[in-house]
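# Geometric and topological summary
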Amino acid sequence: MNDILNQRGILTVVSGFSGAGKGTVMKRLMEKYSGYALSVSVTTRAPRENEEEGIHYFFRSREEFQQLIREDALIEFAEYQGNYYGTPRRYVEDCLSEGKDVILEIEMQGAEKVRAKYPDAVLIFVTPENFDQLRKRLVNRGTETAEQIAGRLKRAAEESVYMKDYDYIAVNMDGAVEECVDRIHDILQCEHTRISRNSEFIERIREEAGKGAE
Ligand code: 5GP
C-alpha cells in the first residue's frame, strides 16, 4: 500500500451468492496479501463439519445473539435461511483504526445496513460467470441437503436483483481463484488513492504549494 496516502482502513463488504466461492477467495486474499483483516461473524446456525469456533464463526444461541443486539455490540445483523448472522463491532473498529482494510463477508441485507452506517464502505459482489456453475458448486460442496440447496438457489435468484447496488463485481471463474483475488486486491489499492479519502494529503500539498509560491 502506498503509505503516503490514506492510512485509515477501508471497510469492505464482500457479498455473493451462496456457492460463489467467496470463502475460498477471502482465505486466499488473506494468505497472499498483508494489510487485510477478515471479520469473524456471530451466528445462530449450527457449525458445519470442519468449522471451528472463533475461526469460521462465533456460534451462539438465539438468546445470546439477542443479548448482543441489545448491547449494540453488532454493527449489522440479518436473518438468513432461518438463522441470525451479525458482525461484531469492536474488532471492526479496532482494525480500521490500525489501518487495516476490514473485510466483511456478509449477505445483502447486512451490506445495505453497512452502506447506510458507513457511506465510504466499499461493496464488492463476487459471482460465478453463470448460474449453472453456481448450482454445480452447491451440489459438489455436499454440505447442504437438496432442500437447502433449493433454498439457496431461490435466495440467489432474489439476490441477483440487488447486485446493481454494489460498487464492484468480481467474477470468480472456475479454476481462476487467483485472478479473482488479485482483482479484489487491485480494487482496494485503487480505493486508497480516491480523492475523497485523501483530503489531508491534498490539504498538505496545497499548503506547501502556497508557501512555495510566496
Ligand atoms: P453460511 O451459512 O453459508 O456460512 O452463510 C450464509 C450467508 O450469511 C452468507 O451469504 C454469508 O456471507 C452471510 N453472513 C455471514 N456472516 C454474516 C454477518 O455477520 N452478517 C450478515 N448480514 N450476513 C452474514
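Per-chain numbering applies: the sequence of each chain, read as written, is numbered from 1 onward. Side-chain atom pairs in this predicted model are given and counted only at pLDDT of 80 or more, local residue features only at pLDDT of at least 70, and totals for whole chains, interfaces and linings cover all residues. Side-chain figures throughout are based on the complete set of non-hydrogen atoms in the structure, without hydrogens or water.

This brings us to the sheet that holds strand E6 (residues 83–88). Across the sheet, which stays open at both edges, the four strands sit in the order E4-E3-E6-E5 with mixed pairing between neighbours. Taken across any chain shown, the strands that pair with only one partner, and hence form the sheet edges, are strand E4 (57–59) and strand E5 (74–80). Across the sheet, the mean angle separating the axes of adjacent strands is 25° when strand polarity is ignored. What makes two strands pair is DSSP finding at least two bridges between them. Labels follow the DSSP assignment, with helices taken as runs of H or I lasting at least four residues and strands as runs of E lasting at least two, numbered in each case from the N terminus. Here strand E3 (residues 41–43) runs beside E6; their pairing, made up of two bridges, is antiparallel. Counted as the bridge partner of Val42 is Gly86 from E6. Contacts: residue pairs with any heavy atoms within 4.5 Å of one another. Where helices are involved, their axes are fitted lines through C-alpha atoms of the stretch in contact, as for all axes, and angles between N-to-C directions lie from 0 to 180°. Those strands touched by helix H2 (residues 62–70) are E3, E5 and E6, and its axis lies near 140° from that of E5.

On to the layout of surface pockets, then. Each cavity reported here is a set of points on a 1 Å grid over the protein atoms alone in which a 1.4 Å probe fits but cannot get out, each pocket an open set with protein on both sides within 12 Å along at least five of seven lines, and each lining residue one with an atom within 4 Å of a point. Grid points are joined across faces, edges and corners, and a volume is the space filled by probe spheres set on the points. When its volume is computed, the largest pocket comes out at roughly 1200 Å³. The wall of the largest pocket is formed by 39 residues, among which Gly23, Arg48, Glu51, Tyr57 and Glu105 lie closest to the centre. If you list the elements that add at least two residues to the lining of the largest pocket, you get strand E1 (11–16), helix H1 (22–32), E5, E6, helix H5 (131–141) and helix H6 (146–159). Here the element with the most residues in the lining of the largest pocket is H1; it accounts for five residues. Roughly 400 Å³ of volume is contained in the second largest pocket. What lines the second largest pocket is a set of 18 residues, and nearest its centre among them are Asn6, Gln7, Arg8, Arg197 and Asn198. The dominant element in the lining of the second largest pocket, judged by the number of residues it contributes, is helix H8 (residues 199–212), at four residues. Looking at the lining of the second largest pocket residue by residue, the classes come out as seven nonpolar, six polar and five charged. Gly counts as polar in this scheme, as do all residues outside two lists: the nonpolar Ala, Val, Leu, Ile, Met, Phe, Trp, Tyr, Cys and Pro, and the charged Asp, Glu, Lys and Arg.

Bringing the sheet that holds strand E9 (residues 168–171) into the picture now. Taking strand neighbours across the sheet as the criterion, the five strands line up as E2-E7-E1-E8-E9 in an open arrangement whose pairing is parallel. Looking at which strands have only one partner, the edges of the open sheet turn out to be strand E2 (36–38) and E9. Across the sheet, the mean angle separating the axes of adjacent strands is 25° when strand polarity is ignored. Of the strand pairs in this sheet, E1 and strand E7 (residues 101–105) are connected by four bridges, and their pairing is parallel.

So, about the side chain of Ser39. With respect to the helices and strands, Ser39 occurs in the loop between E2 and E3. Using a 1.4 Å probe on the protein chains alone, a residue whose accessible area is under 20% of its type maximum counts as buried, one over 50% counts as exposed, and one in between counts as partly exposed. On the accessibility criterion, Ser39 (9% relative accessible area) is buried. In this view, Ser39 contacts Thr87, Pro88, Tyr91, Val92, Val102, Ile103 and Leu104; residues no more than four positions away in its chain are not counted.

This paragraph deals with the site of the ligand. For this purpose, a residue is taken to be near a molecule or strand whenever a single non-hydrogen atom of the residue falls within 4 Å of it. Ser41, Arg45, Tyr57, Tyr85 and Glu107 are the nearest of the 16 residues found near the ligand. In protein, a polar contact requires one atom able to donate a hydrogen and another able to accept it; more generally it is a pair of N or O atoms within 3.5 Å, and residues adjacent in sequence count only if both atoms are side-chain atoms. In this structure, Tyr57 approaches the ligand through a side-chain N or O atom, which is 2.5 Å from an oxygen atom. Note that an oxygen atom of the ligand is positioned 3.0 Å from one of the side-chain N or O atoms of Arg152. Each accessible area value is a Shrake-Rupley result obtained with a 1.4 Å probe; residue values ignore everything except the protein chains displayed when judging cover. Relative to its unbound accessible area of 510 Å², the ligand is 95% covered by the protein chains.

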